[in-house]
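What follows is each chain in one-letter form.
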Amino acid sequence: MVKLGKTIPAGDLFELDESSSIPIWLQLKNRFIYLITSGFYLPGDQLPTVRGLAAEVEVNYNTVSKVYQSLEEDGYIISKRRQGAFVADVSDKPGVDAAVTAEIITAEYLQRCQELGMSLEDVDAQFTAALVAAKAKREREQGADYAQEAGGSRGRIVHFPGSEDDSAERSVGNGA
């Protein structure tokens, strides 16, 4: 678990696509850069341990270690022996913000898709489909969260005044 005022499972922060042509270590590194440059991780925040993150996102220890080494070489994090890895202050680093990072990742995505032989139209269709699916997933998850907050029921029973038996009950909101 990553702790930043609240506990967030690392699996929720780092969704990795094993079927992607982008290597897992690079997906993980790009996500860290995004989380740092977008302000999710603040300077001085301690990152999860290499072993802990590897276990939570179910990747090899060496993969996470490679990511942390690369992030340190690029100036995003500082490793302190026996204390862990901490987010560096990147505010003065040129071109470091979420929009620039997203632009870099998008350019890499386009390049890799074209290397696979996809036309720009194919890339557009693929990306649009993935975006639609991601939005639908988010809506389903938000709907599930709403249902849990509402007591987990999909409908409610309405009792009509003046009814003396259960035959006047109607189920509302669940298609019945």
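Scroll up to find the structure.
Note that the coordinates shown come from a computational prediction; the quantities given were computed from them, not determined experimentally. (Residues numbered from 1 in each chain as written. Predicted model: local features only at pLDDT ≥ 70, side-chain atom pairs only at ≥ 80, totals over all residues. Heavy atoms only, no water.)

**Student:** Could you give me a rundown of the nonpolar core, with the residues and numbers involved?
**Tutor:** Counting 23 residues, the largest nonpolar core has Phe14, Phe32, Tyr41, Leu47, Val64, Tyr68 and Ile77 as its most contacted members. Taken together, the elements giving at least two residues each to this core come down to α2 (24–37), α3 (50–57), α4 (61–73) and β4 (84–87). The greatest single-element share of this core, amounting to 5 residues, is contributed by α2. Setting aside anything within four residues of it in sequence, one finds valine 64 in contact with Leu28, Val50, Leu53, Ala54 and Val59. (Core = buried A, V, L, I, M, F, W, Y, C linked by side-chain atoms within 4.5 Å. Buried < 20%, exposed > 50% of the residue type's maximum accessible area, 1.4 Å probe, protein only. Helix = DSSP H or I, 4+ residues; strand = E, 2+ residues; numbered from the N terminus. Contact = heavy atoms within 4.5 Å.)

**Student:** Account for the side chain of serine 70, naming residues and giving values.
**Tutor:** Residue position: serine 70 is located in helix α4. In terms of polar contacts, serine 70 uses its side chain to reach the side chain of lysine 29, at 2.8 Å. In contact with serine 70, other than residues within four places in its own chain, are Trp25 and Lys29. (Polar contact = N/O pair within 3.5 Å; in protein donor to acceptor, adjacent residues only side chain to side chain.)

**Student:** Break down the pairing of β4 for me, with residues and values.
**Tutor:** With 4 bridges joining them, strand β3 (residues 77–80) and β4 adopt antiparallel strand pairing. In the sheet register, serine 79 faces β4, and the bridge partner there is alanine 85. In textbook terms, the turn of a hairpin is the stretch between consecutive antiparallel strands, and for β3 and β4 this stretch comprises 3 residues, one of which, arginine 82, has a positive phi near 65 degrees. (Pairing = 2+ DSSP bridges.)

**Student:** If you had to explain the packing of α2 against α4 to someone new, which residues and values would you point to?
**Tutor:** Closest axis-to-axis distance for the α2/α4 pair is 9 Å, and the angle between their directions is 45 degrees. Relative to α4, the element α2 is oriented oblique. In this structure, the crossing between α2 and α4 has a hand that is right-handed. Taken together, the residues of α4 that come into contact with α2 (itself represented by Ile24, Trp25, Leu28, Lys29, Phe32 and Ile33) are Thr63, Val64, Lys66, Val67, Tyr68, Ser70 and Leu71. Along the lines of polarity and charge, the residues of the contact of α2 with α4 split into 9 nonpolar, 2 polar and 2 charged. (Axes fitted to C-alpha atoms, helices over the stretch in contact; angles between N-to-C directions. Parallel < 35°, antiparallel > 145°, perpendicular 65-115°, else oblique. Left-handed = near helix turned anticlockwise from the far one by under 90°. Nonpolar A, V, L, I, M, F, W, Y, C, P; charged D, E, K, R; others polar.)

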